[in-house]
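# Report on the structure
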Amino acid sequence: MTLAACTPTGSADHGQAPTSARADPRTSLPADGSSAEPCSTSVEALREPPAGYRLVGEDVAVPDRAVLEAQESGEADPAARLFAKWGLVVRGGAVIDLRVAPGWADRARIGWGTVTVPGPAARVRACSPVDPQSAWLAFAGGTWVSRATCLPLIVESRGRTAQVRLGIGVSCGGTDPPRS
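Residues numbered from 1 in each chain as written. Predicted model: local features only at pLDDT ≥ 70, side-chain atom pairs only at ≥ 80, totals over all residues. Heavy atoms only, no water.

## Side note on the state of the cysteines
Counted under the stated rule, the structure contains two disulfides. Between the sulfur of C39 and that of C127 lies a disulfide, 1.6 Å long from S to S. On the S-S bond that ties C39 to C127, the torsion sits near 60°, and the link is right-handed. You can see C39 sitting in the loop between β1 (22-23) and β2 (44-46) and its partner C127 sitting in the loop between β10 (121-125) and β11 (128-129), a full 88 residues away along the chain. For the pair C39 and C127, one class covers both residues: buried. C150 shares a disulfide with C172; S-S distance 1.9 Å. Between C150 and C172 the sulfur-sulfur dihedral comes to about 115°; the bridge is accordingly right-handed. In this pair, C150 is assigned in strand β14 (residues 149-157) and C172 in the segment after β15 (160-168), connecting sequence segments 22 residues apart. Here C150 matches C172 in class, with each residue buried. Counting only the cysteines that take part in disulfides, in the order they occur along the protein, gives the pairing 1-2, 3-4. (Disulfide = S-S within 2.5 Å. Helix = DSSP H or I, 4+ residues; strand = E, 2+ residues; numbered from the N terminus. Buried < 20%, exposed > 50% of the residue type's maximum accessible area, 1.4 Å probe, protein only.)

## Quick notes on unusual backbone geometry
One non-glycine residue, R158, lies in the positive phi region at around 55°. With respect to the helices, strands and loops of the structure, R158 is situated in the loop between β14 and β15.

## Section: the sheet that holds β10
Read from one edge of the open sheet, four strands run β10-β8-β14-β15, paired in antiparallel fashion. Lying at the two open borders of the sheet, with one neighbouring strand each, are β10 and β15. When strand polarity is set aside, the average angle formed by the axes of neighbouring strands in this sheet is 25°. The pairing of strand β8 (residues 95-100) with β14 spans four bridges and is antiparallel. Residue pairing across strands places V100 opposite L153, the latter belonging to β14. (Pairing = 2+ DSSP bridges. Axes fitted to C-alpha atoms, helices over the stretch in contact; angles between N-to-C directions.)

What follows is the structure, given as structure tokens:
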């Protein structure tokens, strides 16, 4: 299965439905009609992370390509001059926080779901998929950088922190395993 991400629009910080509520993965609303805050908008429900992805911690999968292709973004923000489009894959029911590593906030931006303005940090709230056979949700988005670089990205979930390096327009010297 190939996971494709689109250039995102909208707001990345949505609420999360309680773990007992299930959501339609194509929308950001809980499927049980509750008044709980909506989840982040996913583009696809998956049984497992797709081929070409690697786990970071227990709840997140990112591309394992040595280089993510970067294109001119058209953004006015100098830290967002180039954009590398890629889908983030999150375990259903997880809330994850991502941020660029310390010292990178003036050189990189991130965003998934419905983002209007990418930032140095993002929160993704993945409801449980409607299909019980699907345990993972895919979110469209990616990474913006001031120039091609090897970007360290911090991932937090369930009180645990991991770091992964992503080659945005250049290689990081191969792919690096996640560090806890």
